[in-house]
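Below, each chain spelled out in residue letters.
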Amino acid sequence: MKIGIIGAGNIGGNLTRRLTALGHEVAVANSRGPHTLTALAEETGAKPVHASEAARGAQVVVVTVPLKAVPDLPAGFLDGAAEGAAVIDTGNYYPQQRDGRIAAIEDGLPESRWTEQQIGHPVIKAFNGTYAQDILDRGRPQGTPGRQALPVAGDDPRAKQAVRDLIDELGFDTVDSGGLDDSWRQQPGTPVYGSQGDVDAIVKALSDASRERTAEWRA
Ligand SMILES: NC(=O)c1ccc[n+]([C@@H]2O[C@H](COP(=O)([O-])OP(=O)(O)OC[C@H]3O[C@@H](n4cnc5c(N)ncnc54)[C@H](OP(=O)(O)O)[C@@H]3O)[C@@H](O)[C@H]2O)c1
């Protein structure tokens, strides 16, 4: 499958490693340009590109940049994606450490709804509560007892299924965590955030979530 990854840091780098190892055709971009991605390209076989080109022809596009950088993504960067492409948002709002205050999110807009509005395309929220290292280390074959599960939220059932299938290929179960309006249940500070649990543990953690953003996660 053709996959575009925008962001080549902790998450984008490790997704590039695993997805190329699985045989996918990966184009990867950062903010500084493809000439700064030669080491990752040599290591993985991924194609380093400008952010404006990463989605070209891709059936899955991963947006994995700091939340505050989402508005800086090139205008129209998704225009060349394949018809019906699934766009994965891995982002989290870290107002105190990184992103500054984003009023709409402080007022209760789910973080991925904000990202969707910024990029003008529906997103599927996945990987946001998964440690980058787990992507490399914790994938297991289907049916392995205790296999780690990831919550996946989004409004487009076909895109969501495509993302769930890809996560299964990476070695993880998934839990359908609802539409994006429900995706606050997997934001930072919730019980599921950072969980390495299996399907049952993830279902329970999602249902135990409280909508109120704790002080640690407010601006
Ligand atoms: N780290 C984790 O374990 C983890 C887990 C789950 C979710 N997340 C979330 O996933 C997102 C990415 O996290 P991360 O830890 O992978 O971040 P990171 O290591 O800081 O990497 C961020 C990447 O985004 C790129 N970037 C920044 N601005 C860009 C722009 N305007 N255009 C294109 N690329 C741009 C950076 O490129 P340059 O280096 O060239 O600036 C860098 O490659 C964040 O929202 C984070 O909260 C992180």
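Source: prediction; values computed, not measured.

What counts and how
- Residues numbered from 1 in each chain as written.
- Predicted model: local features only at pLDDT ≥ 70, side-chain atom pairs only at ≥ 80, totals over all residues.
- Heavy atoms only, no water.
- 1 Å grid on protein atoms, 1.4 Å probe; cavity = no way out; pocket = protein on both sides within 12 Å on 5 of 7 lines; lining within 4 Å.
- Points joined across faces, edges and corners; volume = space filled by probe spheres on them.
- Helix = DSSP H or I, 4+ residues; strand = E, 2+ residues; numbered from the N terminus.
- Buried < 20%, exposed > 50% of the residue type's maximum accessible area, 1.4 Å probe, protein only.
- Arc of directions from axis to C-beta.
- Contact = heavy atoms within 4.5 Å.
- Nonpolar A, V, L, I, M, F, W, Y, C, P; charged D, E, K, R; others polar.
- Phe/Tyr/Trp six-rings, centres within 6.5 Å; stacked < 30°, edge-to-face > 60°.
- Pairing = 2+ DSSP bridges.
- Axes fitted to C-alpha atoms, helices over the stretch in contact; angles between N-to-C directions.
- Salt bridge = Lys/Arg side-chain N within 4 Å of Asp/Glu carboxyl O.

S.K.: Help me understand empty space enclosed by the protein in this model?
M.R.: This model, assessed by the stated rule, comprises one cavity of 30 Å³ or more. By volume, the largest cavity amounts to about 80 Å³. Top contributing element to the lining of the largest cavity by residue count: strand β7 (residues 149-152), with three residues.

S.K.: Would you take a moment to explain helix α8 (residues 199-207) for this structure?
M.R.: Structural remark: α-helix, 3.6 residues per turn; residues separated by three or four positions point the same way. Taken together, the buried positions of α8 are occupied by I202, A205 and L206. On an axial view of α8, the arc spanned by its buried residues comes to 100 degrees, and they lie on one face. Exposed residues lying more than 90 degrees from the buried face of α8 are D200, K204 and S207. On the buried face of α8, the contacting elements are β7 and β8 (173-176).

S.K.: Please clarify how the layout of surface pockets should be interpreted in this entry.
M.R.: In this approach the atoms are scanned with a rolling probe the size of a water molecule, which exposes any empty space left behind. The space that makes up the largest pocket amounts to roughly 630 Å³. What lines the largest pocket is a set of 32 residues, and nearest its centre among them are T64, V65, P66, T90 and R98. For the lining of the largest pocket, the leading source of residues is helix α1 (residues 10-21), giving three residues. Its residues assigned to classes, the lining of the largest pocket comprises 15 nonpolar, 14 polar and three charged. Put simply, the second largest pocket is a space of about 300 Å³.

S.K.: Would you mind showing me how to read the packing of aromatic side chains here?
M.R.: The description of an aromatic ring pair uses the distance of the two centres, along with the angle that the planes make with each other. On inspection of all chains with the given rule, the structure shows two aromatic pairs. Taking 4.8 Å as the distance between ring centres and 90 degrees as the angle between the ring planes, the aromatic pair formed by Y94 and W217 counts as edge-to-face. Here the residue Y94 occupies a position in the loop between β5 (86-89) and α3 (95-99), and W217 occupies one in the segment after α8, the gap between them amounting to 123 residues. Looking at W217, the relative accessible area reads 8%, which means it is buried. Here the aromatic rings of Y193 and W217 are separated by 6.0 Å at their centres, their planes lie at 75 degrees, and the arrangement is edge-to-face. Of this pair, Y193 sits in the loop between β8 and α8 while W217 is found in the segment after α8, placing the two residues 24 residues apart along the sequence.

S.K.: Is there a simple way to explain the sheet that holds strand β1 (residues 2-6) in this structure?
M.R.: With respect to topology, six strands assemble into an open sheet ordered β3-β2-β1-β4-β5-β6, the strand pairing being parallel. What marks the edges here is a single partner per strand, and that holds for β3 (47-48) and β6 (124-125). By the bridge criterion, four bridges tie β1 to strand β4 (residues 60-63) in an arrangement that is parallel. Bridge pairing links I6 to V63 in β4. Those strands touched by α1 are β1, β2 (25-29) and β4, and its axis lies near 165 degrees from that of β1.

S.K.: Would you mind showing me how to read the pattern of salt bridges here?
M.R.: Any two side chains of opposite charge can pair if their charged atoms end up close together. Counted by the stated rule, this structure contains 10 salt bridges. Note that D208 and K204 form a salt bridge whose closest N and O atoms lie 2.6 Å from each other. You can call D208 partly exposed: its relative accessible area is 43%. Among the charged side chains, a salt-bridge network with shared partners connects R113, E116, D155 and D181.

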